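# Survey of secondary and tertiary structure
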Amino acid sequence: QVQLVESGGGLTQAGGSLSLSCAASGRTFSSYGMGWFRQAPGKEREFVAGINWSGRSTSYADSVKGRFTISRDNAKNTVYLHMNSLKPEDTAVYYCAASPLGTAWSSSRTYDYWGQGTQVTVSS
């Protein structure tokens, strides 16, 4: 079992930055692939970024590539999402997820564990 708790969401203006953290419980964190997803009102949940178990492989949605950076610290059981040049369309609830497959898959179906989400709001 893995429990995930996100933090760091909030309100910022367009062009601003925010950093999200996801703290995981469990001794097997370092073997899990981790992902960030988001869901805006009235829209389906979408993949944002993923990182494999070692941190050496990452993947990003085209909409955030070059602006967002995912990283992890296995010693702290934490995964991060650093968001720069934020746009109003980045407004959503952001979810952290863990995949036992160990890779940075973009499909939500490969993730078994999810956090409760944290709100990110970007004003224009």
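Look a little higher up for the structure.
A brief look at the structure comes next. Here the structure is a predicted model, which means the values were calculated and not measured.

Attention shifts here to the state of the cysteines. Scanning the model with the defined rule gives 1 disulfide in all. Residue pairing for cysteine 22: its cysteine sulfur links by disulfide to cysteine 96, the two sulfurs lying 2.1 Å apart. Note on the cysteine 22 and cysteine 96 pair: the S-S dihedral is about -80°, so by sign convention the disulfide is left-handed. Residue cysteine 22 is found in strand 3 (residues 18-24), and its partner cysteine 96 is found in strand 9 (residues 92-99); the two are separated by 74 residues along the sequence. Pair check on accessibility: cysteine 22 and cysteine 96 agree, each one buried.

Looking now at the environment of serine 30. Topologically, serine 30 is positioned in the loop between strand 3 and strand 4 (33-39). Sequence separation between serine 30 and glycine 55 is 25 residues; the distance between their C-alpha atoms is 9.3 Å. Filtering out sequence-adjacent residues up to four positions away, serine 30 remains in contact with Trp53, Arg72 and Asn74.

The element strand 4 is largely enclosed, with a buried count of 6 among its 7 residues. Summarising the sheet, strand 4 and strand 9 pair through 7 bridges and their orientation is antiparallel. Its bridge partner lying in strand 9, glycine 33 is registered against serine 99. Note that strand 4 and strand 5 (residues 46-51) share 5 bridges and pair antiparallel. Each bridged residue has a counterpart across the sheet, and for phenylalanine 37 the counterpart in strand 5 is phenylalanine 47. Between strand 4 and strand 5, which follow one another and run antiparallel, lie 6 residues, and glycine 42 among them has a positive phi close to 80°.

This brings us to the nonpolar core. The tendency in soluble globular proteins is for nonpolar side chains to be buried side by side. Judged by nonpolar contacts, the single largest core of 33 residues is most densely connected at Leu4, Met34, Trp36, Leu81, Met83 and Tyr94. Looking at this core, the elements that each hand over two or more residues are strand 3, strand 4, strand 5, strand 7 (68-73), strand 8 (78-83), strand 9 and strand 11 (118-123). Setting aside residues up to four positions removed in sequence, leucine 4 forms contacts with Cys22, Ala23, Ala24, Met34, Cys96, Ala97, Ala98, Tyr113, Trp114, Gly115 and Gln116.

Our next topic: the environment of serine 124. Looking at the secondary structure, you find serine 124 in the segment after strand 11. Expressed as a C-alpha distance, the spacing of serine 124 and proline 88, which sit 36 residues apart in the sequence, is 5.9 Å. Here serine 124 is in contact with Ala14 and Pro88, once residues within four sequence places are set aside.

The rules we used
Residues numbered from 1 in each chain as written. Predicted model: local features only at pLDDT ≥ 70, side-chain atom pairs only at ≥ 80, totals over all residues. Heavy atoms only, no water. Disulfide = S-S within 2.5 Å. Helix = DSSP H or I, 4+ residues; strand = E, 2+ residues; numbered from the N terminus. Buried < 20%, exposed > 50% of the residue type's maximum accessible area, 1.4 Å probe, protein only. Contact = heavy atoms within 4.5 Å. Pairing = 2+ DSSP bridges. Core = buried A, V, L, I, M, F, W, Y, C linked by side-chain atoms within 4.5 Å.

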